[in-house]
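Listed here are the chains, written in short residue letters.
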Amino acid sequence: QKCEHCRRMGATIPCRAAGCPRLYHFPCAAAAGCFQSMKTLRLLCPQHAAEAVQTEDARCSVCDGPGDLRDLVFCTSCGQHYHGACLDIALTPRKRSGWQCPECKVCQTCRQPGEDSMMLVCEACDKGYHTFCMEPAIEGLPTDSWKCKNCRVCSDCGRRPAGLDPGCQWDRSYSVCEGCQQRRATEDAHGAPAHAPQPDPPAQMLASPDRSEPPDVPVPPPQLEPAGGDEKLQPGGDPEEAPPGDGGSPPGEPAPAEVPPNELPLDKPPPDELPPDVQPPEEPP
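Residues numbered from 1 in each chain as written. Predicted model: local features only at pLDDT ≥ 70, side-chain atom pairs only at ≥ 80, totals over all residues. Heavy atoms only, no water.

As recorded by an unreviewed UniProt entry, the protein chain carries the name KMT2D methyltransferase and is attributed to Mesembrinibis cayennensis. Quoted verbatim from the Subcellular location (unreviewed entry) field of UniProt, the annotation for the protein chain is "Nucleus". (UniProt positions renumbered as here; feature names shortened; annotations may be inferred.)

Caption draft 1: Region of the structure containing the packing of aromatic side chains. The final tally for this structure, using the stated rule, is three aromatic pairs. With a centroid separation of 5.7 Å and an interplanar angle of 65°, the aromatic rings of Tyr82 and Trp99 are classed as edge-to-face. A residue pair is termed long-range when its members are at least 10 positions apart, and Tyr82 in strand 6 (residues 81–83) and Trp99 in the loop between helix 2 (93–96) and strand 7 (119–121) qualify at 17 residues. Using a relative accessible area of 8% as the deciding quantity, one classes Tyr82 as buried. Their ring planes at 65° and their centres at 5.8 Å tell us that Tyr129 and Trp146 sit as a pair that is edge-to-face. Separated by 17 residues along the polypeptide, Tyr129 in strand 8 (residues 128–130) and Trp146 in the loop between strand 8 and strand 9 (170–171) bring together distant segments of the chain. By relative accessible area, which is 3% here, Trp146 ends up buried. One aromatic cluster is present, formed by Tyr129, Trp146 and Tyr174 through successive ring pairs. (Phe/Tyr/Trp six-rings, centres within 6.5 Å; stacked < 30°, edge-to-face > 60°. Helix = DSSP H or I, 4+ residues; strand = E, 2+ residues; numbered from the N terminus. Buried < 20%, exposed > 50% of the residue type's maximum accessible area, 1.4 Å probe, protein only.)

Caption draft 2: View of the environment of Cys177. Relative to the assigned elements, Cys177 resides in strand 10 (residues 176–177). The spacing of Cys177 and Leu164 is 13 residues in sequence and 8.6 Å in space, taken between C-alpha atoms.

Caption draft 3: Representation of the side chain of Gln108 in the model. Along the chain, Gln108 falls in the loop between helix 2 and strand 7. In terms of polar contacts, Gln108 uses its side chain to reach the side chain of Arg111, at 3.2 Å. (Polar contact = N/O pair within 3.5 Å; in protein donor to acceptor, adjacent residues only side chain to side chain.)

Caption draft 4: The arrangement of the nonpolar core in detail. In this structure, Cys15 and Tyr24 are the most contacted members of the largest nonpolar core, which totals 19 residues. Mapped by element, the contributors of at least two residues to this core are strand 2 (23–24), helix 1 (26–32) and strand 4 (42–44). Formed by 17 residues, the second largest nonpolar core is a distinct cluster that contains Leu120, Ala124, Tyr129 and Tyr174. (Core = buried A, V, L, I, M, F, W, Y, C linked by side-chain atoms within 4.5 Å.)

Caption draft 5: Structural detail: the environment of Cys3. Looking at the element boundaries, Cys3 is found in the segment before strand 1 (13–14). Separated by 21 residues in sequence, Cys3 and Tyr24 place their C-alpha atoms 4.6 Å apart. Sequence-distant contacts of Cys3, that is, excluding residues within four places in its chain, are made with Arg8, Ala11, Leu23, Tyr24, His25 and Cys28. (Contact = heavy atoms within 4.5 Å.)

Caption draft 6: Seen up close, the pattern of salt bridges. Inspection of every chain in the model, using the stated rule, returns seven salt bridges. Between Asp126 and Lys105 there is a salt bridge, with the nearest N and O atoms lying 3.4 Å from each other. Here Asp126 is found in the loop between strand 7 and strand 8, whereas its partner Lys105 is found in the loop between helix 2 and strand 7, with 21 residues between them in sequence. Given a relative accessible area of 13%, Asp126 falls into the buried group. (Salt bridge = Lys/Arg side-chain N within 4 Å of Asp/Glu carboxyl O.)

Caption draft 7: Focus on the side chain of His81. Position of His81 relative to the elements: it lies in strand 6. The class of His81 is buried, set by a relative accessible area of 2%. A distance of 3.2 Å separates a polar atom in the side chain of His81 from the backbone oxygen of Asp57. In this structure, His81 is in contact with Phe35, Gln36, Asp57, Arg59, Cys60, Ser61, Leu72, Val73 and Phe74, ignoring residues within four places of it in sequence.

Written out as C-alpha cells, the structure reads:
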C-alpha cells in the first residue's frame, strides 16, 4: 500500500475513520499530524482528527484540555499528547516524527536519559544530544540556537556534515559551513573599499553646481576682456590711474577717460553708470 504522506510503498497503518482509505507508515503518521492513541491503538488522519475528541487520551498533558487537536504532538515513548503552544514549540513534520516529551527525551548518541543540564536540543528536530557524547565533544552549551548533524545544511553550498570535515565549524546559527563563511568574509573584506567611495560621487555632483554658479555671472566679461585688450586696466579699477604717456596702447584704452560725457552716443549711458568690467569691451577700437 502507498503511504499518504511520503507516497512510498509499505504503509500498514490505516485511518480508523469510516470509509477513509488513507494509510501511513508509523513515522509518517506522526510527521503528517495524525492523531494516534496509545491506549486504543487507533489512528485518525488529519482530515478526521476532530473525531478524536471523544477518546480518552485526546488531552494535553500541560493544559489538560483537547484544545486544537491539529496542534497536538504525540510522544513516541509514553504516548502522551502535548500542544505545541503549551511547550512553546513550532511543530513541523521533522519535529513530529519520532518526537519525545521532556520527560522521555534521551540522548540520540548514547540512548540514555538524564544530564539535562548538558543536553543539547536541536531547534530543527527537537531531539537531544549530550555535549560529552558529541564528536568532538562540546565544552559548554551554546548561547544561540543549535542544530544537530542530521539537520545542518549549508545555505550556500548545500552540503551536509557528512560531506565536510568532522571538525568543520558552522556559523550563522549552524546554517553556513566554515568554508562558505570564510569565503563570505573574504568577499566582504574586498568589497568594503569598493563600496566606501560610492557615496562620494553624489556629494561631488551636488557640490559642483554650487561651485559653478558663482563663475556663471562673471564668466562672460573675462571672455570678452582678451578681445578688448584691457586686462591691465581691470585690476586698477580706475581708468585714470593708467600712465598718461602710454601712447603705444590701442586707441580704445584712453577713450573712456578722454571723451566727455555729453559727446558719448545717445544709446549708451555715461561711463560712470557702466560696470567697470563691461565698459572697455563695448568701446569701439
